[in-house]
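The primary structure of each chain is shown beneath.
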Amino acid sequence: MTMAATTTGGCLCGGVRYRLATAPTSFGACHCGMCRRFTGGVEFGIQVPPDGITWEAEDSLRTYGSSAWAERGFCCTCGSNPFWRLTAAGPMQGLMSLAAGTLDSLEGLTFDVEVYIDHKPAAYAFAGERKRMTEADVMAMVGAAGR
Amino acid sequence: MQHTATAAGQRPPRPGETVHGGCNCGAVRFEGVLSGRGIGVCHCRTCRRQASGPWLALRLTSGVRLSREDGLTWWRSSDTARRGFCGRCGAKLFFAPDGAGESDWAVSAGALDADPRTEIFEHIFVDAAPDYYGFTDTAPRRTTQDLGA
């Protein structure tokens, strides 16, 4: 049984609110050091294409250029971390990893991939089997898409 | 200014040692003595909405000593606690319950420069966790009722 996830979400204080064009069905975790600093835990993200999201409130949304090819969005009032977004030119530009926890409902989502698994500290691990990709695997995938 | 987590070859810190940490942009930097208690994982709805997923936190027995705090921003998340983050890069850093000792805050495990050699000692608010993820460790699982919250 799969219940449809919601298409709406936002930060803790409501300064950032959005609506998705399509209800998500899955999410992935990123274990890289920058995501772990950004979120304080592990980043749980839903892939959203550039035209897949409409911002309904964004007064407190700020972005930080965290590398030469990506930026991170956060709420400057409550510190929620709504997204990581690819800024580098190419066919994947604008692709967003939207923070799963910001969705108003998480019913029906499946956990289907873990990336930067080689950066995961030994202190925690997620149960279950799913696709697990190293940094090199991710770079090869992004490089292949860019050709 | 970039601070990469766990630089290659950096020895994992142990309990009782001084650890350093901060946000991604460097506008908040701190240090303190690592507690031996390990990592607590919070599954509450507030943590998961703020941090995208469960929050991993640890304590510093010395409290948090800030060496740079120009980016530090606080948000009152409930009647009983505040949450500290970097207002420049958005990194989630601290949870400060009212009435706790000066700077005796829970600290994001991911904010440390080097990942400590430690384990998870408890999961809290597990009744608020969705069923789409689970951890492999066997640390105690505490519900809202267990916590008297």
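Residues numbered from 1 in each chain as written. Chains lettered and ligands numbered in written order. Predicted model: local features only at pLDDT ≥ 70, side-chain atom pairs only at ≥ 80, totals over all residues. Heavy atoms only, no water.

Undergrad: Give me the lowdown on the overall build of chain B, citing residues and values where you can.
TA: A tally of regular secondary structure across chain B gives 2 helices and 11 strands. Mapped from its N terminus to its C terminus, chain B presents α and β elements in the order β-β-β-α-β-β-β-β-β-β-β-β-α. In summary, chain B has a C-alpha radius of gyration of 15 Å against a globular reference of 15 Å for 149 residues, a match within 12%. Judged by the C-alpha coordinates and their principal axes, chain B covers about 40 × 35 × 30 Å. Considering chain B as a whole, with its 149 residues, one finds that 54% of them fall into the buried category. (Helix = DSSP H or I, 4+ residues; strand = E, 2+ residues; numbered from the N terminus. Rg over C-alpha atoms; globule rule 2.2 N^0.38 Å. Buried < 20%, exposed > 50% of the residue type's maximum accessible area, 1.4 Å probe, protein only.)

Undergrad: Can you tell me about the environment of G45(A), naming the residues and giving the values?
TA: Residues and elements named next belong to chain A. Relative to the assigned elements, G45 resides in strand β4 (residues 43–48). Accessibility expressed as a relative area gives 8% for G45, which makes it buried. Between the alpha carbons of G45 and L106 there is a distance of 12 Å; along the sequence they are 61 residues apart. Those residues in contact with G45, other than ones at most four positions away along the chain, are F27, G28, S97, L98 and A100. (Contact = heavy atoms within 4.5 Å.)

Undergrad: Please provide a residue-by-residue account of the interface of chain B and chain A, values included.
TA: Facing the 48 residues of chain B at the interface are 43 residues of chain A. Summing both partners gives a buried area of about 3,500 Å² for chain B against chain A, and 56% of it is carried by carbon and sulfur. Where chain B packs against chain A, one counts 3 salt bridges. In this structure, the salt-bridge partner of D104(A) is R49(B), at a minimum N-O distance of 3.1 Å. Remark: the boundary between chain B and chain A carries 19 residue pairs in polar contact (both at pLDDT 80 or more). Those elements that provide at least two residues to the side of chain B that touches chain A are β1 (18–22), α1 (45–51), β4 (55–58), β6 (72–76) and β7 (81–86) of chain B. In terms of residue count, α1(B) provides more of the side of chain B that touches chain A than any other element does, 6 residues in total. The class makeup of the residues in the side of chain B that touches chain A is 21 nonpolar, 18 polar and 9 charged. (Buried area = accessible area lost by both parts, 1.4 Å probe. Salt bridge = Lys/Arg side-chain N within 4 Å of Asp/Glu carboxyl O. Polar contact = N/O pair within 3.5 Å; in protein donor to acceptor, adjacent residues only side chain to side chain. Nonpolar A, V, L, I, M, F, W, Y, C, P; charged D, E, K, R; others polar.)

Undergrad: Could you give me a rundown of unusual backbone geometry, with the residues and numbers involved?
TA: In this structure, Y116(A) takes a positive phi of about 55° despite not being glycine. Looking at where Y116(A) falls in the secondary structure, it is placed in the loop between β10 (110–115) and β11 (131–133). For Y116(A), a relative accessible area of 12% puts it in the buried group. Despite not being glycine, S52(B) has its phi angle at roughly 80°, a positive value. Mapped onto the elements, S52(B) comes out in the loop between α1 and β4.

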